[in-house]
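# Understanding the architecture of this molecule
If you want the building blocks of each chain, they are given just below.
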Amino acid sequence: VLASLPLQMMLYFNVYYFPVWCLAEGMMLQLKYHLLPWHYQFLLVTAFLILSLAEGSRLYLGYVGNLQEK
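Residues numbered from 1 in each chain as written. Predicted model: local features only at pLDDT ≥ 70, side-chain atom pairs only at ≥ 80, totals over all residues. Heavy atoms only, no water.

Another point: the nonpolar core. Core analysis: the largest hydrophobic core is formed by six residues, namely L11, F18, C22, L29, F48 and L59. When contributions to this core are tallied by element, the ones reaching two or more residues are helix 1 (5–32) and helix 2 (38–67). Those residues in contact with L29 that sit more than four places away from it in its chain are L44, V45 and F48. (Core = buried A, V, L, I, M, F, W, Y, C linked by side-chain atoms within 4.5 Å. Buried < 20%, exposed > 50% of the residue type's maximum accessible area, 1.4 Å probe, protein only. Helix = DSSP H or I, 4+ residues; strand = E, 2+ residues; numbered from the N terminus. Contact = heavy atoms within 4.5 Å.)

In structure tokens, the structure reads:
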């Protein structure tokens, strides 16, 4: 079983675009945070943290798993 080159290329570019997405999403969250009710504030921050952690772990596991052919 060989490592998948298209998957590796997608992961490589996604690693560079993920911080840009985090920065843009964080800036938008900061701009509209004070205009929202408290329960939406809590939901937005929670969703942002969960998505960021999930995406970071997905990229890491995909990168390592593809290179180690797992």
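Text resumes after the structure shown.
Moving on, we come to the side chain of Q8. Here Q8 lies in helix 1. Here Q8 falls in the buried class, since its relative accessible area comes to 13%.

This brings us to the packing of aromatic side chains. One pass over the structure, following the stated rule, counts four aromatic pairs. The interplanar angle of 70° and the centroid separation of 5.6 Å between the aromatic rings of Y12 and F13 together place this pair among those described as edge-to-face. For Y12, a relative accessible area of 40% corresponds to the partly exposed category. Taken together, the aromatic side chains of Y12, F13 and Y16 make up a single cluster linked through ring pairs. (Phe/Tyr/Trp six-rings, centres within 6.5 Å; stacked < 30°, edge-to-face > 60°.)

Attention shifts here to the side chain of N66. Residue position: N66 is located in helix 2. Note on N66: relative accessible area 8%, which makes it buried. What N66 contacts, discounting residues up to four positions off in sequence, is A3, S4, L7 and Q8.

Once that is clear, we can look at the UniProt feature "transmembrane region" (unreviewed entry) in the chain. Taking the UniProt record as the reference, the feature "transmembrane region" (unreviewed entry) is found at residues 6–24 and 36–54. Summarising residues 6–24: 100% helix, 0% strand, and an end-to-end C-alpha distance of 27 Å. The span residues 36–54 is 89% helical and 0% strand by assignment, and the distance between its end C-alpha atoms comes to 25 Å. (UniProt positions renumbered as here; feature names shortened; annotations may be inferred.)

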